Amino acid sequence: MGSLTREAIAAVDSTGQIDEVLELSEHLTDALWRVDSSGARPFDTPGGLIVAGMGGSASGARLARGVLGSRLTRPMYISDDYLLPGWAGPSTLVFASSYSGNTEETLSAYDDAVDRGAPRLVASTGGALVARARADGAPVVPIPGGFQPRAAIGYALVSALEAAFLAGAAPSVRSEIEAAAALVDSLVLEWGPDAPEDSEAKSIARSLHGTVPVIVGAELASAAAYRWKCQFNENAELPAFAASLPEADHNEVVGWEAAAELGRFSYVSLEDPEAHPRNVLRAELTAEVASAGADPVVRVTARGSTPVERLVSLVLLGDLVTIYAAVLRGADPVDIPGIDAVKAALSAAPVS
Ligand code: PA5
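No experiment lies behind these values; they were computed from the predicted model shown. (Residues numbered from 1 in each chain as written. Predicted model: local features only at pLDDT ≥ 70, side-chain atom pairs only at ≥ 80, totals over all residues. Heavy atoms only, no water.)

S.K.: Could you give an account of the overall build of the protein, naming the residues involved and the relevant values?
M.R.: Secondary structure assignment for the protein yields 14 helices and nine strands. Principal axes of the C-alpha set define a box for the protein whose edges measure 55 × 45 × 45 Å. Taking the contacts inside the protein whose residues are at least 6 apart along the sequence as the reference set, 80% of them involve residues at least 24 apart. Total accessible area on the protein stands at roughly 14200 Å², and carbon and sulfur atoms take up 55% of it. Computed over 25 positive and 45 negative side-chain charges, the separation of the two mean positions in the protein equals 4 Å. (Helix = DSSP H or I, 4+ residues; strand = E, 2+ residues; numbered from the N terminus. Contact = heavy atoms within 4.5 Å. Areas by Shrake-Rupley, 256 points an atom, 1.4 Å probe, with all protein chains shown as cover. Lys, Arg positive; Asp, Glu negative; His and termini not counted. Charge placed at Lys NZ, Arg CZ, Asp CG, Glu CD.)

S.K.: Describe a nonpolar patch on the surface, naming the residues involved and giving the relevant values.
M.R.: A surface patch of nonpolar side chains, amounting to about 370 Å² of accessible area, comprises Tyr82, Leu83, Val342 and Leu346. Within the secondary structure, tyrosine 82 sits in the loop between strand E2 (76-79) and strand E3 (92-98). (Patch = residues over 30% accessible without salt bridge, like charges linked within 9 Å, V, L, I, M, F, W, Y side chains within 5 Å. Salt bridge = Lys/Arg side-chain N within 4 Å of Asp/Glu carboxyl O.)

S.K.: Residue-level account of the UniProt feature "domain: SIS" (unreviewed entry) in the protein, with values.
M.R.: The feature "domain: SIS" (unreviewed entry), as given by UniProt, occupies residues 39-174 in the numbering adopted here. Measuring from the first to the last C-alpha atom of residues 39-174 gives 17 Å, for a span that is 38% helix and 18% strand. (UniProt positions renumbered as here; feature names shortened; annotations may be inferred.)

S.K.: With reference to specific residues and values, describe the sheet that holds strand E7 (residues 241-245).
M.R.: Read from one edge to the other, the open sheet built from four strands follows the order E7-E6-E8-E9, with strand pairing classed as parallel. The strands lining the two open edges of the sheet, one partner per strand, are E7 and strand E9 (294-301). Put simply, the sheet's adjacent strands are angled 20° from each other on average, direction ignored. Strand direction decides the pairing type here: strand E8 (residues 265-271) and E9, joined by six bridges, are parallel. (Pairing = 2+ DSSP bridges. Axes fitted to C-alpha atoms, helices over the stretch in contact; angles between N-to-C directions.)

S.K.: Account for the pattern of salt bridges, naming residues and giving values.
M.R.: Enumeration over the complete set of coordinates arrives at 19 salt bridges. Arginine 227 is the partner of aspartate 319 in a salt bridge, and the nearest nitrogen-oxygen pair spans 3.0 Å. Here aspartate 319 is found in helix H13 (residues 307-329), whereas its partner arginine 227 is found in helix H10 (residues 220-236), with 92 residues between them in sequence. Since its relative accessible area comes to 4%, aspartate 319 is described here as buried. Here the salt bridges do not stand alone but share partners, grouping Arg6, Asp19 and Asp194 into one network. (Buried < 20%, exposed > 50% of the residue type's maximum accessible area, 1.4 Å probe, protein only.)

See below:
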């Protein structure tokens, strides 16, 4: 199998997606400054937070919800469709997150928030979303341009965590974000392109090559598992699936016995040592059951002492593994032909 040196990566990764992953620490801290620069103040929203966004721009909110977990004091809902839930209104903050600012579902949800009189906050690089927010007087967190939306995950995560705080739905976790940024600096040395070929991230990518990955985790690792799945889809252009524990122990776990007859599936267990002790035990038991039909079974332990650190460690590892997986397949991580095709067809179709 091919090597994963900087030269080998550069030969496939035409736009340097790996460099954007390696800048995660800087993105996390810069994002805090950008939230401050938006001028957003705490909102009086006892109904909590609704995040409107799609794909890479919703991924930060999914991670934020996962890491806040039982620390949430008000609802935090992710609305990934054209219309907001029926209960959205003046007592709910609607945080519209779109990297391009032109995603039709997010624009529609923003307009729905206006119709319902819901207070609004936006994070974007520009586009129609920022134009609407500026016209309305809604605060805008300015996200830097020039990335793929999924590469701006540090910005998406921090702005969603801060939106939860501003909505009164969660405590501030700024000190955890700063600690996570410092941890990323050391993990980049351990897992990045200059690390040895048998380092953890490169080894995982090699072991998963040629398989359909199924990524599973509990609590904050469940959110990270979905991020890994999406990154396998978009960076490596592969089918991949994610599931959550303990729910998967009540259905999906049954399928592993037959999996090897149907295709080559791998099982990636993302594990947070600080999760509920029963979820820690479930991770071990479920990986054992999955080994009946998955090859390989890979178990990953989150790093760091605070929840945000542990989440971010899993996200960084997944982002690197999926870029390495792309390189091993010769797939340029910037290419997302399926997403582009659907967006192009929709923009050519009349809106009824
Ligand atoms: O990663 C991607 O490119 C996509 O998942 C986009 O994030 C998604 O299509 C939504 O676009 P935007 O982030 O510009 O709102």
